[in-house]
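Spelled out, the chains give:
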Amino acid sequence: MSEVGQRYEMVKERVADAALASGRNPDEIRLLAVSKTQPPERVVEAIEAGVDIIGENRVQEAQRKRGEIGPGVAGRARWHLIGSLQRNKARTVPGLFDVVESVDSLALARELNKRVGVAGEDPLDVFIQVNTGAETQKGGVAPADAIALVRDVSALEALRVVGLMCIPPLGREAEESRPHFELLRKLRDEARDGGFSHVRELSMGMSNDFEVAIAEGATLVRIGTAIFGPRGEN
């Protein structure tokens, strides 16, 4: 087994342990491997090891990697865009990404809706990114506006809002992320109570705090370092 495969198995065990410790079924939680800055061969190792969701931060990087990996292997995983998406790059999404987790404005959603519709593809699954830390340098809709954005994006025919996503302030202890995860869960529950039953997912938690995220209800955790090793190591 490759080094990436060994790391992946260890992370799966930690996810299962965290789920059981919280009284949850481990099958409720999916693992996304964040391959930002990782070379294509590392991504291939991850897919060969069983990773079925790949997360990329940049459109150009995803295009290059998928091209080098080839459709036979790349197509064995679902590809999520987890970084910011500029409206003028929305045209690249159909055929490149299966899910966009960083929708944070109606303008971006409308552009994506147009591009997916023109491509004639099935509705694109999207997450609404919420800026739970009110960080000016970070994308995401303000928590107070999240439900309204869920409502507006849900009305677009070519998009399907499946959940919410957040990135708590970085460089903190894991427990300091808990209030952000709690807030996202409450917003998800508010959306569901408001009639948006399709909003089920909570994409939250990374290598340093995913156990806390699982305790607070995460259904998708985004793991990079714990699977691939420190960036720059490879």
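Located above this text is the structure these notes cover.
Below you will find a few notes about this structure. Computed from a prediction, not measured in an experiment: that's the story for all the values here.

So, the layout of surface pockets
Inference 1: Empty space within the largest pocket amounts to approximately 450 Å³.
Inference 2: Tallied by class, the residues present in the lining of the largest pocket amount to five nonpolar, six polar and five charged.
Inference 3: Along its surface, the second largest pocket is lined by Tyr 8, Lys 12, Val 15, Ala 16, Pro 26, Asp 27, Ile 29, Arg 30, Leu 31, Gly 50 and Asp 52.
Inference 4: Listing elements by their share of the lining of the second largest pocket, those giving two or more residues are α1 (3-21) and β1 (30-34).
Inference 5: In terms of residues, the lining of the second largest pocket owes the most to one element, α1, which gives four residues.
Inference 6: Split by residue class, the lining of the second largest pocket holds six nonpolar, one polar and four charged.

Considerations on the pattern of salt bridges
Inference 1: Within the structure shown, the criterion is met by 21 salt bridges.
Inference 2: Salt-bridge contacts for Glu 61 lead to Lys 65; the nearest nitrogen and oxygen are separated by 2.7 Å. Here Glu 61 and its partner Lys 65 are both found in helix α3 (residues 59-69), four residues apart, which amounts to about one turn of the helix.
Inference 3: Given the relative accessible area of 10%, Glu 61 is considered buried.
Inference 4: For Lys 65, a relative accessible area of 0% corresponds to the buried category.
Inference 5: For Glu 216, the salt bridge goes to Arg 185, with nearest N and O atoms at 2.6 Å. Pair noted here: Glu 216 is in the loop between α8 (210-215) and β8 (220-223) and Arg 185 is in helix α7 (residues 178-193), with a separation of 31 residues, a long-range link.
Inference 6: Exposure remark for Glu 216: the relative accessible area of 9% places this residue in the buried category.
Inference 7: According to the relative accessible area criterion, Arg 185 is partly exposed, its value standing at 24%.

Points about the nonpolar core
Inference 1: By size, the foremost hydrophobic cluster in this structure holds 67 residues, and its most contacted members are Leu 112, Ile 128, Val 153, Val 221 and Ile 227.
Inference 2: Among the elements that make up this core, the one with the highest residue count is α1 (six residues).
Inference 3: Filtering out sequence-adjacent residues up to four positions away, Ile 128 remains in contact with Val 103, Val 141, Leu 149, Val 150, Val 153, Val 161, Gly 163, Leu 164 and Met 165.

Re the pairing of strand β6 (residues 159-165)
Inference 1: β6 sits mainly inside the fold: six of its seven residues count as buried.
Inference 2: Here six bridges tie strand β5 (residues 124-129) to β6, and the two strands are oriented parallel to one another. When the bridges of β6 are listed, Asp 125 appears paired with Arg 160.
Inference 3: Once the chain exits β5 it traverses helix α6 (residues 146-154) before rejoining the sheet at β6, and the crossover so formed is right-handed.
Inference 4: Pairing between β6 and strand β7 (residues 201-203): three bridges, direction parallel. Bridge pairing links Met 165 to Ser 203 in β7.
Inference 5: Handedness of the β-α-β unit built from β6, α7 and β7 comes out right-handed.

What about the side chain of His 80?
Inference 1: Mapped onto the fold, His 80 is located in strand β3 (residues 78-81).
Inference 2: One polar contact links His 80 to Glu 101, side chain to side chain, over a distance of 2.7 Å.
Inference 3: Leaving out residues up to four positions away in the same chain, His 80 has contacts with Leu 32, Ile 53, Ile 54, Gly 55, Glu 56, Phe 97, Val 99, Glu 101 and Leu 220.

Definitions and limits used
- Residues numbered from 1 in each chain as written.
- Predicted model: local features only at pLDDT ≥ 70, side-chain atom pairs only at ≥ 80, totals over all residues.
- Heavy atoms only, no water.
- 1 Å grid on protein atoms, 1.4 Å probe; cavity = no way out; pocket = protein on both sides within 12 Å on 5 of 7 lines; lining within 4 Å.
- Points joined across faces, edges and corners; volume = space filled by probe spheres on them.
- Nonpolar A, V, L, I, M, F, W, Y, C, P; charged D, E, K, R; others polar.
- Helix = DSSP H or I, 4+ residues; strand = E, 2+ residues; numbered from the N terminus.
- Salt bridge = Lys/Arg side-chain N within 4 Å of Asp/Glu carboxyl O.
- Buried < 20%, exposed > 50% of the residue type's maximum accessible area, 1.4 Å probe, protein only.
- Core = buried A, V, L, I, M, F, W, Y, C linked by side-chain atoms within 4.5 Å.
- Contact = heavy atoms within 4.5 Å.
- Pairing = 2+ DSSP bridges.
- Right-handed = clockwise from strand over helix to strand, strands pointing away.
- Polar contact = N/O pair within 3.5 Å; in protein donor to acceptor, adjacent residues only side chain to side chain.

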